[in-house]
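The lines below spell out each chain.
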Amino acid sequence: MAHSNKDPELIGYAEPWIVDPGESVDIKVSSTEKNYSHRLVRLIQGRRGPHDPPFAAEEIAEVPKGSREDGYYQDACPGSYARVSSWATVPYSEKDGMDVQFYVQPYLLETDHCQSIISCLDQDSRTGFAVMIRDSKFNFVIGTGGQIEVFQSQYPVNRWRWLRVRMSFVNSNFTWSIKQLNRLAEQSPGTETAAHRMSAPMVLGSKALIFGAGMFEDIGRAGSKPSSFFNGRLDSPSFRITGPNAQIAAEYDFSREISSDRIVDISGHGRHGVLINAPTRAVKGYNWDGSEPDWTKASYGYGAIHFHEDDLDDAKWSTSFTLTIPSTARSGAYAAEVKSSSGACDMITFFVRPNVKSRVRVALILTTFTYLAYANERMFDQSRSSAMVTPDGVSIGGHNEYYKNLVKRPDLGLSAYDVHRDGSPCAFSSARRPILNTRPGYVHWALERPREFSADLLMIGFLEQTGITYDVITDHCLHTKGHIATAEYETLITGCHPEYHSLQTLDAFSDFAKSGGNLMYLGGNGFYWVADVDPARPHRLEVRKGDQGCRSVTFPAGERTHSLTGAHGGLWRSRGRAPNYLFGIGACAFGTGKGVPYIPDSQHATDPRFSWVFDGIKPHELIGANGFGGGASGDEIDRLDYELGSPTDAVVLATSQRHDDSFGLFNEDQMFPMVNTLGSVCDRVRSDIVYYETAGGGAVFSVGSINWYSSLAWNNFNNNVAIMTGNVLKEFCKRGKGEGQNADL
């Protein structure tokens, strides 16, 4: 994709995304200008506007500033495919023939380009062959050495229907058959068979075998890189040499090694392949019948791979410069700040883990799983089924920078909130690309307030003001190290939206509480969806949502088990791990309107057991009347619910009331049709501030609102949300860690 916009552009990403002090980080930049400068900063607070705290970023003097004179534009090159490089070793000669068979399920027929399903075609040498879909018809493109010959089927290709395709090359004769498989009692077209005489026998050539793409832009237009991407599923391709040298050249069983980026040849010849840009595995194949909806238990039915033209796992940009993080660096969020003379700039964000010598007692957990889940989300795209929908409608904020910049770069991939161009849900999100909404100044395009990372930086700004020493750790740290990642701390603080978690990260929180640690859940919609990463590929996050929960995508039945780990996807609540059990509250509603304040429980506010939470706040004073998103209870919100596991000794210190009708109850809270579920008429649409003491000797304080940090930072932290947050943090620091829960209990 060439840059055609007149506005200058300067964006990039860091690899790796999360590093230790002393490690190096490669910064990969795309620039429409040759000259730009760079420096390394630790991010503290990224907003600049009315009622904001001052922008704050600490320059890391130990790392020299730099300048570049070799900037250039870089494409991300999306599109998934499989490549078999050893295809050239197939012992095929003109005296031999070849039979090819595969099953295919097209998901997108109306495109402006051909879609290559299988190809070893080399248009320059006029060798090999390709099977593609163009204008809703199969095209067979064959190289005879002297020319490229094209044969078009007239068989009606229907979206979402499995077809069996067979091809045969014998001397100069080419035949094919195409049959749509019956789906239960649905009528289907008959079988098409055709035979043609070529000018000469097919010459196999020496190109790699590619599934889901081809080394050409169109028939007659060779390409230097894979293109003509297929949108759909491929199952069980096999290649058999006939004639005097008869043998199975290759036979692929895509149900093997599903968790890997490898495709397995079961012919015995070892012509295995690799997957590029993470196509979706663990999806239903041509012979799936519903008898087993979990691929880890099924003996058949999961032999397909779903390829997409907009899959992106690794942008593979060239490294522009490398930074070495000082061995003494503090943990936190960092950025390579790049600027050009024209004013174009970017804060290329990455994260530094705590120093092994750190002995601080407080840790803020940045929600890197959630950052990835939302990475470059495009729910503003009303042409897709994943567009955001709310009771009062959705509009794009005027002059929103994120929206403008992302629209210019459709090549930067999708999020866990988007459907692919072919309408199927996106399973993966990657850190190996520019993530334009993980930036310090990010403002949500519809909510017009900071969210996720930019909101979490407000808490870092607050911690800097308190003078309390703290570390920053990430979801990835919890996932890979478990309780070891939190063992040195006495208090853990969440981000504003800790929505996505693996079993390992959930267990890290519960183990910490059992050990006597204190938890401050200062967000909303937390601990909601199952997510997974593979430690060998930590840049890639997998999320598969089912038919429950507030969501913009739904994975079909039989495809809700994660391919990376075999974990069952969906809501943690549906797996018996509702956040209420540990944090006292769970997600219940969402709204795009302005938030509302909390009303304190005056009895608890004056009770000596809890009054310390309200020090400096009047007993009847509304909590969080102002903020960048209205009141402190807003966006996605959580409430106490004993039926869902809230501890019986959990105390509601304050609660929100009277949300407007832009807020609606989450669907998993309603069994009958959705009536009386909007904010003005449903008392289940609310945030609760909850406190309880744990069996381990620690305590849990939860606020149940994404908006909390937007009110915390209002008027440079001069407000009662900041007062209450400080009261709890200081009390937890004073108490320290409890003795821990008796393992025998």
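Owing to the predicted nature of the structure, the values given are computational and were not obtained by experimental measurement.

1. Some words on the overall build of the chain
Check the secondary structure of the chain and you find ten helices and 43 strands. Over its C-alpha atoms the chain spans a radius of gyration of 28 Å, differing by no more than 12% from the 27 Å that the globule rule assigns to 745 residues. Each of the three principal axes of the chain carries a C-alpha extent, and together these read 95 × 60 × 50 Å. Looking at the chain as a whole, 61% of its 745 residues are labelled buried. Roughly 27,900 Å² of accessible area belongs to the chain as shown, and the carbon and sulfur atoms make up 48% of that amount.

2. Quick word on the sheet that holds strand E42 (residues 688-693)
One open sheet accounts for eight strands, arranged E30-E28-E31-E33-E43-E42-E40-E38; its pairing is mixed. A strand with exactly one partner marks an edge of an open sheet, and here the two such strands are strand E30 (471-474) and strand E38 (598-600). Within this sheet the neighbouring strands show an average axis-to-axis angle of 20°, counted without direction. Note that strand E31 (residues 491-493) and strand E33 (residues 518-521) share three bridges and pair parallel. By the bridge assignment, Leu 492 is partnered in E33 with Leu 519. Where helix H5 (residues 503-514) meets the sheet, its contacts fall on strand E28 (362-366), E31 and E33, and the angle it forms with E33 comes to roughly 135°.

3. Some details on the environment of Tyr 470
Position of Tyr 470 among the secondary structure elements: in the loop between helix H3 (453-466) and E30. For Tyr 470, a relative accessible area of 5% gives the class buried. Once the C-alpha coordinates of Tyr 470 and Arg 359 are considered, the two residues, 111 residues apart in sequence, prove to be 9.2 Å apart. Contacts of Tyr 470, omitting those with residues within four sequence positions, involve Arg 42, Arg 330, Val 360, Val 362, Ile 460, Leu 463 and Glu 464. Among the polar contacts made by the side chain of Tyr 470, one reaches the side chain of Glu 464 at a distance of 2.5 Å.

4. Focus: the sheet that holds strand E10 (residues 129-134)
Strand order in the open sheet made by the eight strands is E12-E11-E10-E9-E16-E7-E22-E21, with antiparallel pairing throughout. Looking at strand neighbours, the two that pair on one side only are strand E12 (148-152) and strand E21 (262-263), the edges of this open sheet. Pairing of strand E7 (residues 81-84) with strand E16 (residues 209-211), which is carried by three bridges, proceeds in the antiparallel orientation. Looking at E16, one finds that Val 84 is bridged to Leu 209.

5. Description of the domain arrangement of the chain
As a measure of interface size, the accessible area lost when the parts come together is often cited. When the domains of the chain are assigned, the result is domain 1 (10-75 + 318-352), domain 2 (81-307) and domain 3 (362-368 + 451-533 + 541-557 + 568-735). Put simply, the middle of domain 1 and the middle of domain 3, counted by C-alpha atoms, are 31 Å apart. Facing the 20 residues of domain 1 at the interface are 19 residues of domain 3. In total, domain 1 and domain 3 occlude about 1,600 Å² of area from one another, counting both sides; carbon and sulfur atoms represent 67% of this. Contact with domain 3 buries surface across domain 1, with Ile 44, His 51 and Pro 53 losing the most and accounting together for 31% of the total. Among the salt bridges present, the one from Arg 42 reaches Glu 464, with a minimum N-O distance of 3.2 Å.

6. Section: the nonpolar core
Counting 117 residues, the largest nonpolar core has Ile 27, Phe 350, Ile 493, Phe 701 and Trp 708 as the members making the most contacts within it. It is H3 that provides the largest number of residues to this core, a total of eight residues. Of all hydrophobic cores here, the second largest spans 47 residues; its members include Val 104, Ile 142, Leu 209 and Ile 241.

7. Digging into empty space enclosed by the protein
The final tally for this structure, using the stated rule, is five cavities of 30 Å³ or more. In this model, the largest cavity occupies a volume close to 100 Å³. Along the walls of the largest cavity sit 15 residues, with Arg 573, Pro 579, Asn 580, Gly 586 and Ala 587 positioned nearest its centre. A total of three residues in the lining of the largest cavity trace back to one element, the largest contributor, which is strand E37 (residues 586-591). Here the residues of the lining of the largest cavity sort into eight nonpolar, two polar and five charged. Lining the second largest cavity are 15 residues, and of these Asp 311, Leu 312, Cys 426, Phe 428 and Ser 429 lie nearest its centre. It is strand E29 (residues 428-430) that contributes the most residues to the lining of the second largest cavity, three residues altogether.

8. Details of the packing of aromatic side chains
Considering all chains together, one arrives at 39 aromatic pairs under this definition. Residues Tyr 81 and Phe 229 carry aromatic rings whose centres are separated by 6.2 Å and whose planes lie at 35° to one another, so their mutual orientation is tilted. Of this pair, Tyr 81 sits in strand E7 while Phe 229 sits in the loop between strand E18 (221-227) and strand E19 (232-242), and the two are 148 residues apart along the sequence. You can call Tyr 81 buried: its relative accessible area is 10%. Exposure remark for Phe 229: the relative accessible area of 12% places this residue in the buried category. Three or more aromatic residues joined by ring pairs form one cluster here, namely Phe 129, Phe 138, Phe 140, Phe 151, Phe 169, Phe 174 and Trp 176. Looking at Lys 284, its charged tip hangs above the ring of Trp 288, at a distance of 5.1 Å from the centre. The ring of Phe 428 is capped by Arg 540, whose NZ or CZ atom sits 5.6 Å from the centre of that ring.

9. Comments concerning the UniProt feature "domain: N,N-dimethylformamidase beta subunit-like C-terminal" (unreviewed entry) in the chain
Per the UniProt record, the feature "domain: N,N-dimethylformamidase beta subunit-like C-terminal" (unreviewed entry) sits at residues 280-717. Between the C-alpha atoms that bound residues 280-717 there is a distance of 45 Å. The span itself is 15% helix and 21% strand.

10. With respect to the pattern of salt bridges
Within the structure shown, the criterion is met by 44 salt bridges. The partner of Arg 256 in a salt bridge is Asp 253, and the shortest N-O contact between them spans 3.3 Å. Judged by relative accessible area, Arg 256 falls into the partly exposed class, the value being 43%. On the basis of relative accessibility, which here comes to 21%, the residue Asp 253 falls in the partly exposed class. With a closest N to O distance of 3.0 Å, Arg 421 and Glu 309 form a salt bridge. Residue Arg 421 is located in the loop between helix H2 (401-408) and E29, and its partner Glu 309 is located in the loop between strand E24 (304-307) and strand E25 (321-324); the two are separated by 112 residues in the primary sequence. One connected set of salt bridges, linked through shared partners, spans Arg 39, Glu 59, Lys 65, Glu 337 and Lys 339.

11. A few points about H3
With 14 residues, H3 should cover 20 Å at 1.5 Å per step; its first-to-last C-alpha distance of 20 Å lies within 8% of that length. Of all 14 residues in H3, eleven are buried, a share of seventy percent or more. Within H3 the residues assigned to the buried category are Phe 453, Ser 454, Ala 455, Asp 456, Leu 457, Leu 458, Met 459, Ile 460, Gly 461, Phe 462 and Leu 463. Just beyond H3, the residue with positive phi is Gly 467, at close to 80°.

What counts, and at which threshold
Residues numbered from 1 in each chain as written. Predicted model: local features only at pLDDT ≥ 70, side-chain atom pairs only at ≥ 80, totals over all residues. Heavy atoms only, no water. Helix = DSSP H or I, 4+ residues; strand = E, 2+ residues; numbered from the N terminus. Rg over C-alpha atoms; globule rule 2.2 N^0.38 Å. Buried < 20%, exposed > 50% of the residue type's maximum accessible area, 1.4 Å probe, protein only. Areas by Shrake-Rupley, 256 points an atom, 1.4 Å probe, with all protein chains shown as cover. Pairing = 2+ DSSP bridges. Axes fitted to C-alpha atoms, helices over the stretch in contact; angles between N-to-C directions. Contact = heavy atoms within 4.5 Å. Polar contact = N/O pair within 3.5 Å; in protein donor to acceptor, adjacent residues only side chain to side chain. Domains from an automatic or database assignment. Buried area = accessible area lost by both parts, 1.4 Å probe. Salt bridge = Lys/Arg side-chain N within 4 Å of Asp/Glu carboxyl O. Core = buried A, V, L, I, M, F, W, Y, C linked by side-chain atoms within 4.5 Å. 1 Å grid on protein atoms, 1.4 Å probe; cavity = no way out; pocket = protein on both sides within 12 Å on 5 of 7 lines; lining within 4 Å. Points joined across faces, edges and corners; volume = space filled by probe spheres on them. Nonpolar A, V, L, I, M, F, W, Y, C, P; charged D, E, K, R; others polar. Phe/Tyr/Trp six-rings, centres within 6.5 Å; stacked < 30°, edge-to-face > 60°. Lys NZ or Arg CZ within 6 Å of the ring centre and 35° of its normal. UniProt positions renumbered as here; feature names shortened; annotations may be inferred. Expected span 1.5 Å × (residues − 1).

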